Amino acid sequence: MTVAPHFQHKNGVLHVEDLALPVLAQKYGTPLYVYSRQALRDAWESYRSAIGDRKVLVCYGMKANSNLAVLNEFKTLGAGFDIVSGGELARVLAIGGDPSRIVFSGVGKQAWEMKAALEAGVKCFNVESEAELLQLSAVAEAAGKTAAISLRVNPDVDAKTHPYISTGLKDNKFGIAIGHALTVYQRAQSLPGLEIVGVDCHIGSQITEVGPYLDALDKLIKLIKTLAEHGIHLKHLDLGGGIGIRYTDETPLSPSTLLDNVFQVLKANRLDHLEIVLEPGRSLVGNAGVLLTKVEYLKHGETKNFAIVDAAMNDLIRPTLYSAWHGVEPVTPRGGDAQAPHYDVVGPVCESGDWLARDRQLDIQQGDLLAVMSAGAYAFTMASQYNTRPRPAEIIVDGKADHVVRPREKVQDLFATETTLPND
Ligand code: LLP
């Protein structure tokens, strides 16, 4: 059993949906990102069915995986988008996404990005500081537009996740301290070119319990009531993203657990007229992808064994950046020798930090294929070309069919626009 229902061994070979992974390795080479279309659809369905007829807009946190095919799939299913840059806005516009379903997050929005988003007509800017508020007001006024805004407040709650992906604590760079929010809302009210429409928070990522969300919600509800007493009435409440996935043995909360709890609290506070916005990224794509890689060499040492594979930290940086755990599955298992050695699975990049998994018992030989699991989120989008390594192709499998949704980069492309200096 793998962590991903659409990636299963059948007749001794790991398949994605109805296609055997060695077929894709043969056709496109490795390393290779492979996604399951049905897994994307199922993940979306877990939100859709949880929502029912409640007023909830799901804005896909596209930084998790921004391939146009993935965006288009979610657009077709009814998603809006959570963007954090002008580049992400351009991607959504490229697939014909509806700007009125876009929320624009991020601590460092630049004037050109604000202008582009105003011209496109985004639903809301999630403003993270007073300085940003002033700039947005000026940009909107100059463009003759009104910017709909939420303040992203920092509720100072512990999301109980890795410190690098925890964002709702006082000492994080994100959001406006909740104690200061009323003052900043009042400031917003006094500025031209702005319309207050909501409140926003995002407390972290890979959250597995509902508690931190409810702690944040409690604080937001108090703020919403205070704002109302001061004549500021909101239309929506954005709870950000953050629902975790199973990488190994986690049991993350489901969208329905989150929404049932949230609506219960809203109802008790007579606030269930508010539209709820969610910004899930990882939980929509994380277990819809694997990174397929080939064992180049095995190196047996005195204290450690290494499986040197053709994928590396430049393709998947999560293990070395966050000490993240990704499952590693032999594509064609050899019968599981109980005496098989333990390996660190490492790449060819010249860094000791270039590892994908550590201390895994693997019954493998040179030339074998391995699938690094749960690589649909924050994998390709965080890839680089370090060591002048072309980024892998991305393939989406639909039943028995495969689609190249991004071809492998060519070495020449990596420096095609570089030039040398003129001679003296
Ligand atoms: N909304 C905002 C404002 C965010 O900053 C994020 C993620 C999301 C939504 C989506 O969160 P999700 O549902 O995916 O947890 N690179 C890290 C994760 C960084 C998350 C950054 N913000 C990783 O690989 O674990």
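What you see is a predicted model, and the numbers here were worked out from it, not measured in a lab.

The rules behind the values
- Residues numbered from 1 in each chain as written.
- Predicted model: local features only at pLDDT ≥ 70, side-chain atom pairs only at ≥ 80, totals over all residues.
- Heavy atoms only, no water.
- Domains from an automatic or database assignment.
- Contact = heavy atoms within 4.5 Å.
- Buried area = accessible area lost by both parts, 1.4 Å probe.
- Salt bridge = Lys/Arg side-chain N within 4 Å of Asp/Glu carboxyl O.
- Polar contact = N/O pair within 3.5 Å; in protein donor to acceptor, adjacent residues only side chain to side chain.
- Nonpolar A, V, L, I, M, F, W, Y, C, P; charged D, E, K, R; others polar.
- Near = heavy atom within 4 Å.
- Areas by Shrake-Rupley, 256 points an atom, 1.4 Å probe, with all protein chains shown as cover.
- Phe/Tyr/Trp six-rings, centres within 6.5 Å; stacked < 30°, edge-to-face > 60°.
- Helix = DSSP H or I, 4+ residues; strand = E, 2+ residues; numbered from the N terminus.
- Buried < 20%, exposed > 50% of the residue type's maximum accessible area, 1.4 Å probe, protein only.
- Lys NZ or Arg CZ within 6 Å of the ring centre and 35° of its normal.
- 1 Å grid on protein atoms, 1.4 Å probe; cavity = no way out; pocket = protein on both sides within 12 Å on 5 of 7 lines; lining within 4 Å.
- Points joined across faces, edges and corners; volume = space filled by probe spheres on them.
- Core = buried A, V, L, I, M, F, W, Y, C linked by side-chain atoms within 4.5 Å.
- Pairing = 2+ DSSP bridges.

Considerations on the domain arrangement of the protein
For step 1, the next point in the chain: What the domain assignment lists for the protein is domain 1 (7–36 + 286–414) and domain 2 (98–280).
For step 2, the next point in the chain: Taking only C-alpha atoms, the centre of domain 1 and the centre of domain 2 are 36 Å apart.
For step 3, the next point in the chain: Between domain 1 and domain 2, the contact holds 9 residues from the first and 7 residues from the second.
For step 4, the next point in the chain: Carbon and sulfur atoms make up 58% of the area that domain 1 and domain 2 hide from each other, which totals about 740 Å².
For step 5, the next point in the chain: Considering only the side of domain 1, the residues that lose the most area to domain 2 are Asn287, Tyr322 and Trp325, jointly responsible for 55% of the buried surface there.
For step 6, the next point in the chain: On inspection of domain 1 and its partner domain 2, the count reaches 0 salt bridges.
For step 7, the next point in the chain: Between domain 1 and domain 2 we count 1 residue pair in polar contact (both at pLDDT 80 or more) in total.
For step 8, the next point in the chain: When the residues that make up the side of domain 1 that touches domain 2 are grouped by side-chain class, the tally is 3 nonpolar, 5 polar and 1 charged.

A word on the site of the ligand
For step 1, the next point in the chain: Close to the ligand lie 17 residues; Ser205, Glu279, Arg318, Tyr322 and Tyr378 are nearest.
For step 2, the next point in the chain: Note that a nitrogen atom of the ligand is positioned 2.6 Å from one of the side-chain N or O atoms of Glu279.
For step 3, the next point in the chain: In this structure, Arg318 approaches the ligand through a side-chain N or O atom, which is 2.6 Å from an oxygen atom.
For step 4, the next point in the chain: When the ligand sits alone it has 590 Å² of accessible area, and the protein chains cover 91% of it.
For step 5, the next point in the chain: For the shell around the ligand, the class distribution of residues is 5 nonpolar, 6 polar and 6 charged.
For step 6, the next point in the chain: Residues lining the shell around the ligand come from more than one domain, with at least three contributed by each of domain 1 (7–36 + 286–414) and domain 2 (98–280).

Here's the deal with the packing of aromatic side chains
For step 1, the next point in the chain: Applying the stated criterion across every chain yields a total of 6 aromatic pairs.
For step 2, the next point in the chain: When the centroid spacing of 5.8 Å and the interplanar angle of 80° are considered together, the rings of Tyr33 and Phe380 count as edge-to-face. Here Phe380 lies in the loop between strand 19 (369–372) and strand 20 (393–398) and Tyr33 lies in strand 4 (residues 32–36), a separation of 347 residues in the sequence.
For step 3, the next point in the chain: For Tyr33, a relative accessible area of 0% corresponds to the buried category.
For step 4, the next point in the chain: Of the residues examined, Phe380 reaches a relative accessible area of 10% and is grouped as buried.
For step 5, the next point in the chain: Between the aromatic rings of Tyr60 and Phe74, the centroid separation amounts to 4.8 Å while the plane-to-plane angle is 50°, which identifies the pairing as tilted. Here Tyr60, found in strand 5 (residues 56–61), pairs with Phe74, found in helix 3 (residues 68–77); they are 14 residues apart in sequence, far enough to count as distant. Take Tyr60 and Phe74: they sit in the same class, and that class is buried.
For step 6, the next point in the chain: Ring pairs connect the aromatic residues Trp44, Tyr60, Phe74 and Phe81, which therefore count as one cluster.
For step 7, the next point in the chain: When the ring centre of Trp355 is taken as origin, the NZ or CZ atom of Arg358, which lies over that ring, is 4.1 Å away.
For step 8, the next point in the chain: The residue whose ring lies beneath Arg360 is Trp325, and the NZ or CZ to ring-centre distance is 3.9 Å.

A short note on the layout of surface pockets
Over the atoms a probe the size of a water molecule is rolled, and this reveals where empty space is left.
For step 1, the next point in the chain: In this structure, the second largest pocket spans a volume of roughly 460 Å³.
For step 2, the next point in the chain: For the lining of the second largest pocket, the secondary structure elements donating two or more residues are helix 2 (37–51) and helix 10 (282–285).
For step 3, the next point in the chain: Ranked by residue count, the leading element in the lining of the second largest pocket is helix 2, at 5 residues.
For step 4, the next point in the chain: The residue inventory of the lining of the second largest pocket, partitioned by class, reads 14 nonpolar, 7 polar and 2 charged.
For step 5, the next point in the chain: In terms of domain composition, the lining of the second largest pocket takes at least three residues from each of domain 1 (7–36 + 286–414) and domain 2 (98–280).

Observations concerning the nonpolar core
For step 1, the next point in the chain: The biggest cluster of nonpolar side chains holds 102 residues, and the ones touching the most others in it are Tyr60, Phe125, Ile149, Tyr185 and Leu237.
For step 2, the next point in the chain: Per element, the largest residue contribution to this core is 8 residues, and it comes from helix 8 (residues 211–229).
For step 3, the next point in the chain: Split by domain, this core shows at least three residues from each of two domains, domain 1 (7–36 + 286–414) and domain 2 (98–280).
For step 4, the next point in the chain: Residues Ala4, Leu14, Val290 and Leu292 belong to the second largest nonpolar core, which totals 21 residues.

A word on the pairing of strand 17 (residues 342–346)
Along any regular strand, the residues point their side chains to alternate faces of the sheet.
For step 1, the next point in the chain: Taking burial as the measure, the 5 residues of strand 17 include 4 buried ones, the bulk of the element.
For step 2, the next point in the chain: Of the strand pairs in this sheet, strand 15 (residues 305–309) and strand 17 are connected by 3 bridges, and their pairing is parallel. When the sheet's bridge partners are listed, Ile308 is paired in strand 17 with Val346.
For step 3, the next point in the chain: As defined by bridge partners, strand 17 adjoins strand 18 (residues 355–361) across 4 bridges and the pair is classed as antiparallel. Considered in strand 18, the bridge of Val345 is made with Ala357.

A short note on the pattern of salt bridges
For step 1, the next point in the chain: One pass over the structure, following the stated rule, counts 20 salt bridges.
For step 2, the next point in the chain: Between Glu128 and Arg152 there is a salt bridge; the shortest N-O distance is 2.9 Å. Of the two residues, Glu128 is situated in the loop between strand 8 (124–127) and helix 6 (130–143) and Arg152 in strand 9 (residues 147–154); the sequence distance between them amounts to 24 residues.
For step 3, the next point in the chain: Looking at Arg152, the relative accessible area reads 7%, which means it is buried.

Brief notes about unusual backbone geometry
In most cases, non-glycine residues show a negative phi, while peptide bonds are predominantly trans.
For step 1, the next point in the chain: Cis rather than trans, the peptide bond between Thr30 and Pro31 has omega equal to -5°.
For step 2, the next point in the chain: Within the secondary structure layout, Pro31 lies in the loop between helix 1 (21–28) and strand 4.
For step 3, the next point in the chain: Of note in this structure, Glu17 is not a glycine but carries a positive phi near 50°.
For step 4, the next point in the chain: Mapped onto the elements of the fold, Glu17 is located in the loop between strand 2 (13–16) and strand 3 (19–20).
For step 5, the next point in the chain: Phi angles above zero are rare outside glycine, and Asn387 is one such case at about 70°.
For step 6, the next point in the chain: For Asn387, the position within the fold is in the loop between strand 19 and strand 20.

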